[in-house]
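# Architecture at a glance
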Amino acid sequence: MQRTGGQLITDVLIQQGADRIFGVPGESFLAVLDAIVDRPEIEFITAKHEGSAAFMADADGKLTGRPGIVLVTRGPGASNAYAGIHVAYQDSTPLIMLVGLIGRDDTEREAFQEFDLKAIFGTQTKWTAVINDAVRIPELLTRAFQVATSGRPGPVVLGLPEDMLRDVVYDAKLPARTTAVQAAPAPAELDKLASLLAEANAPLIIAGGETWDEAACADLAKFSSEWNLPVACSFRSQDRLSALHANYIGDAGLGINPDLAKRIRQSDLILVLGARMGDCTTSGYTLLEVPVSAQKLIHIHPDPEEIGRVYAPELGICSGMKNMLAALAGLVAPADGVKWTPWTASAREDYLKWSTPNPVSHGPVNLALIMDHLNNTLPDDAILTNGAGNYTVWVHRFYKHRKFRTQVAPTSGTMGYGLPAAIAASLRHPDRLSICFAGDGCFQMTLQELATAQQFGARVIVMLCNNGIYGTIRMHQEKNYPYRVSGTDIANPDFVALAKAYGLEVAKVEETGQFADAFETIRASGKSGIIEIITDPEDLTPRNSLSEIRASAK
Ligand SMILES: Cc1ncc(C[n+]2csc(CCOP(=O)(O)OP(=O)(O)O)c2C)c(N)n1
Ligand SMILES: [Mg+2]
């Protein structure tokens, strides 16, 4: 049997279970596009920008636990995609990016669009390589699946020289589908964990990161219930435990509940399950002292090198979350109960107070009440996506996630992520509602993907929070340079006309009371739509107005 390099790439992808490639076409990989023509098992989703294609692949990777696949062309295409590789790296998402390169004969001439793949992507991937010999496609592409999913998941970038893709290979053998390799806790480590818990008076869990699945989340719920442990989730990992669970106490992220921050400081044992102890989760490395925290720390992470990166833990365990939670679910709680029951109950009280919408806003639209309406109307499995901006603070604070993988959002804080992610989510789960939250700034980074949604039949509802400013940056600006506005205003297009130009349903909400009908109309249409929500720039955060932030600036 003979196959071209392009056919072999396609065959290995299919063998590994990939059914969708996100990308923008390039002349460098025509041989792959050609091979796809004969393989209906895999489809090419043509995005309108490689950055969006990479965001789509990242979202798909988050949703499936298998690598999202992105295929782009050399210099300009790969450079455009870079933002998505950065997301996958910081978010620990399994992702494989294939990059069509110049022909091998022209290397080092600075040929048309030639660039150094390893130099560009080397520091933001788990592995970057060029496949120079088509015979090695099964080996190297299969390894990409193994690397992207094992340990701490992340992106792999493979370069495909154009002429290599046309080479013919005879009788290639394709390896079987890979299985992610994840560590598991040793019995002695579990014993140590249990004895540290037994000594604690005010423990709490911070859950997040990757390598979870529904069973791991169910195990977390069981472990937390049996030991009556309060569970906070790390930044944008809020769907690891239902917000309705009696022990869910909120998210340790940007815009953290000050009471939760205080509680993390006061706790005497922090059990970190899967999260990196990163900037956003530690409120800029302030909730715990670097490098030795006052609280005893148990850090469990799928990558041994992540343990002790910033904080020296009392106990570090290298484990995937499925293995770890399965073990914890089997850990027998003390028969006479635990000491910290009132601590857990008061932490829950703090969360319930914090997530109850404040009925007052400066403008006629109150995003907190809109989020509460969605709590009451969205099905449990609706998927919410977002990018970066202060509008996300309302989403994270007031929306109550009830199921795993209903939050698809970049922990790397990347603008423009929400719409491509919602498109990928809708393609993966056409039966579920896919809701994108975006600011006016965020949305304008990738809004051209509305055309992609229409082309491939994705159904997304965009909640466009329009305040006419780059709100987050205005907030920082007013804190640091009050009254000196520079670069943070936005002159917006007519979003209603824009939605119509893309053939979408559209509604404009100028006061809170209009939202319910607007949402219902768009939902009932069964089509993609935009709800433009006009918010007052004064409502800069749910806690402080723009004027208050300005007035309290040093
Ligand atoms: C790709 C990218 N560029 C710039 C930033 C810096 N940034 C973070 S939030 C933000 C403003 C977002 O504005 P908008 O989407 O309108 O949301 P708002 O804060 O107004 O609610 C900017 C510019 C970023 N995080 N990502
Ligand atoms: Mg804005």
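In this report, we go over the structure that sits alongside the text.

Reading the values: rules and limits
- Residues numbered from 1 in each chain as written.
- Chains lettered and ligands numbered in written order.
- Predicted model: local features only at pLDDT ≥ 70, side-chain atom pairs only at ≥ 80, totals over all residues.
- Heavy atoms only, no water.
- Near = heavy atom within 4 Å.
- Polar contact = N/O pair within 3.5 Å; in protein donor to acceptor, adjacent residues only side chain to side chain.
- Areas by Shrake-Rupley, 256 points an atom, 1.4 Å probe, with all protein chains shown as cover.
- Helix = DSSP H or I, 4+ residues; strand = E, 2+ residues; numbered from the N terminus.
- Nonpolar A, V, L, I, M, F, W, Y, C, P; charged D, E, K, R; others polar.
- Core = buried A, V, L, I, M, F, W, Y, C linked by side-chain atoms within 4.5 Å.
- Buried < 20%, exposed > 50% of the residue type's maximum accessible area, 1.4 Å probe, protein only.
- Domains from an automatic or database assignment.
- Contact = heavy atoms within 4.5 Å.
- Pairing = 2+ DSSP bridges.
- Salt bridge = Lys/Arg side-chain N within 4 Å of Asp/Glu carboxyl O.
- Donors = N, O, S within 2.8 Å, 3.2 Å for Na, K, Ca; no water.

## Notes on the site of ligand 1
The environment of ligand 1 is formed by 17 residues, the closest being Asn390, Gly413, Asp440, Cys442 and Gly471. Measuring from an oxygen atom of ligand 1, one finds a backbone N or O atom of Tyr391 at 3.0 Å. A distance of 2.9 Å separates an oxygen atom of ligand 1 from a polar backbone atom of Ile469. In isolation ligand 1 exposes 590 Å². Once the protein is present, 77% of that is buried. Of all elements in the fold, only α15 (440–446) and α17 (471–480) reach the threshold of two or more residues within the shell around ligand 1. The leading source of residues in the shell around ligand 1 is α15, at four residues. A breakdown of the residues in the shell around ligand 1 according to their chemical character gives eight nonpolar, eight polar and one charged.

## Notes on the nonpolar core
Judged by nonpolar contacts, the single largest core of 79 residues is most densely connected at Met97, Phe443, Met463 and Ile531. Composition of this core by domain shows at least three residues from each of domain 1 (2–167) and domain 3 (356–553). The residues contacting Met463, other than those within four sequence positions of it, are Leu374, Ile435, Cys436, Phe437, Ala438, Phe515, Phe519, Ile531 and Ile533. Counting residues in hydrophobic clusters, the runner-up holds 57 residues, among them Leu190, Leu197, Cys233 and Ile300.

## What about the sheet that holds strand β16 (residues 407–408)?
Overall, parallel pairing links the six strands, which are arranged β16-β15-β17-β18-β20-β19 in an open sheet. Of all the strands in the sheet, just β16 and β19 (505–509) have a single pairing partner and so form its edges. Pairing geometry for strand β15 (residues 383–386) and β16, over two bridges, is parallel. Opposite Thr385, over in β16, you have Val408 as the bridge partner.

## Describing the pattern of salt bridges
Considering all chains together, one arrives at 30 salt bridges under this definition. Taking the shortest distance from any N to any O, the salt bridge between Arg104 and Asp167 comes out at 2.7 Å. Linking Arg104 in the loop between β5 (95–101) and α5 (117–121) with Asp167 in the loop between β7 (155–161) and β8 (168–170), this pair joins segments that are 63 residues apart in sequence. Among the ionic pairs, Arg276 bridges to Glu306, the shortest N-O distance being 3.1 Å. Here Arg276, found in the loop between β12 (269–273) and β13 (296–301), pairs with Glu306, found in the loop between β13 and β14 (315–318); they are 30 residues apart in sequence, far enough to count as distant. Residue class for Glu306 comes out buried when judged on its relative accessible area of 3%.

## Section: the environment of Gly208
Tracing the sequence through the fold places Gly208 in the loop between β9 (203–207) and α8 (214–227). Considered as a pair, Gly208 and Arg276 are 68 residues apart in the sequence and their alpha carbons are 7.9 Å apart. Those residues in contact with Gly208 that sit more than four places away from it in its chain are Ser234, Ser237, Arg240, Leu273, Gly274 and Ala275.

## With respect to the coordination of the magnesium ion (ligand 2)
Only Asp440 (OD), Asn467 (OD1) and Ile469 (O) from the protein coordinate the magnesium ion (ligand 2), and they sit 2.1 to 2.2 Å from it. All donors of the magnesium ion (ligand 2) belong to a single chain; written as a sequence motif, their spacing is D-x26-N-x1-I. Of the two residues, Asp440 sits in helix α15 while Ile469 sits in the loop between β18 (461–466) and α17, which places them 29 residues apart along the sequence. A relative accessible area of 2% places Asp440 in the buried class.

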